[in-house]
Amino acid sequence: MKIAAERIERLGALAKEAAAEGETERARTYVRRARRIAERHRLSLPRKLKRFSCDACDSYLIPGRNARVRTQDGHVVVTCDCGEHARYPYD
Ligand SMILES: [Zn+2]
């Protein structure tokens, strides 16, 4: 269990690095791998990774590059370039 969680964390960090370098496809591969491990072990994704990945296309989101972030009615609305929106409570 702990090892799975660590692998997910690691993949999240790799996804972030890849996305920052403009390697969007590689970042997506890491996001997908992290999601698969999470599902298999019935873990939830770390909040950071959940919020910076798109549920529809698995992109690792970088606001200003491939995602827009707005606040609306006390929520944060993240819009991926693919058109998917995600709303989170403001915190
Ligand atoms: Zn998307």
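As a reminder, the structure under discussion sits directly above these lines.
Reading the values: the criteria
- Going along each chain's sequence as written, the residues are numbered from 1 onward.
- Since the coordinates come from a predicted model, pLDDT governs what is reported: local features require at least 70, and pairs of side-chain atoms require 80 or more to be given and counted, while whole-chain, interface and lining totals use all residues.
- Heavy atoms throughout the structure, all of them, feed into the side-chain values; hydrogens and water do not.
- At least two bridges found by DSSP between two strands is the condition for calling them paired.
- Helix and strand assignments come from DSSP, with helices taken as H or I runs of at least 4 residues and strands as E runs of at least 2, each series counted from the N terminus.
- Where helices are involved, their axes are fitted lines through C-alpha atoms of the stretch in contact, as for all axes, and angles between N-to-C directions lie from 0 to 180°.
- Counted as donors are N, O and S atoms no farther than 2.8 Å from the metal, or 3.2 Å for Na, K and Ca; water is not among the atoms, and sites may therefore look incomplete.
- When four donors show all angles between 85 and 135 degrees the site is tetrahedral, when four or six donors have opposite pairs over 155 degrees and all other angles between 65 and 115 it is square planar or octahedral respectively, and in every other case it is irregular.
- We call a residue buried when its accessible area falls under 20% of the maximum for its residue type, exposed when it is over 50%, and partly exposed in between, using a 1.4 Å probe and counting protein chains only.
- Salt-bridge detection follows one rule: a side-chain nitrogen of Lys or Arg within 4 Å of a carboxyl oxygen of Asp or Glu.

Observations concerning the sheet that holds strand β1 (residues 67-72)
1) Next: Read across the open sheet, the three strands follow the order β1-β2-β3; overall the sheet is antiparallel. Of all the strands in the sheet, just β1 and β3 (85-89) have a single pairing partner and so form its edges. Ignoring strand direction, the axes of neighbouring strands in this sheet form an average angle of 20°.
2) Next: Here β1 runs beside strand β2 (residues 75-80); their pairing, made up of six bridges, is antiparallel. What sits directly across from Arg-68, in β2, is Thr-79.

What about the coordination of the zinc ion?
1) Next: For the zinc ion, the protein coordination sphere consists of Cys-54 (SG), Cys-57 (SG), Cys-80 (SG) and Cys-82 (SG), at 2.3 Å.
2) Next: Geometry at the zinc ion is tetrahedral, judged from its four donor atoms and the angles of 106 to 114° they form at the metal.
3) Next: Going along the chain, you hit the donors of the zinc ion in the pattern C-x2-C-x22-C-x1-C. Taken as a pair, Cys-54 in the loop between α3 (47-51) and β1 and Cys-82 in the loop between β2 and β3 lie far apart in primary sequence, 28 residues in all.
4) Next: Looking at Cys-54, the relative accessible area reads 2%, which means it is buried.

Comments concerning the pattern of salt bridges
It is possible for side chains bearing opposite charge to pair when their charged atoms get close.
1) Next: Counted by the stated rule, this structure contains seven salt bridges.
2) Next: Of the charged contacts in the structure, one is a salt bridge between Lys-2 and Glu-6, with a shortest N-O distance of 2.9 Å. Taken as a pair, Lys-2 and Glu-6 lie in helix α1 (residues 2-20) at a separation of four residues, close to a single helical turn.
3) Next: What makes Lys-2 exposed here is its relative accessible area of 60%.
4) Next: The closest approach of N and O atoms between Asp-58 and Arg-32, which form a salt bridge, is 2.8 Å. Taken as a pair, Asp-58 in the loop between α3 and β1 and Arg-32 in helix α2 (residues 24-40) lie far apart in primary sequence, 26 residues in all.
5) Next: Connected via shared salt-bridge partners are Arg-32, Arg-35, Asp-55 and Asp-58.

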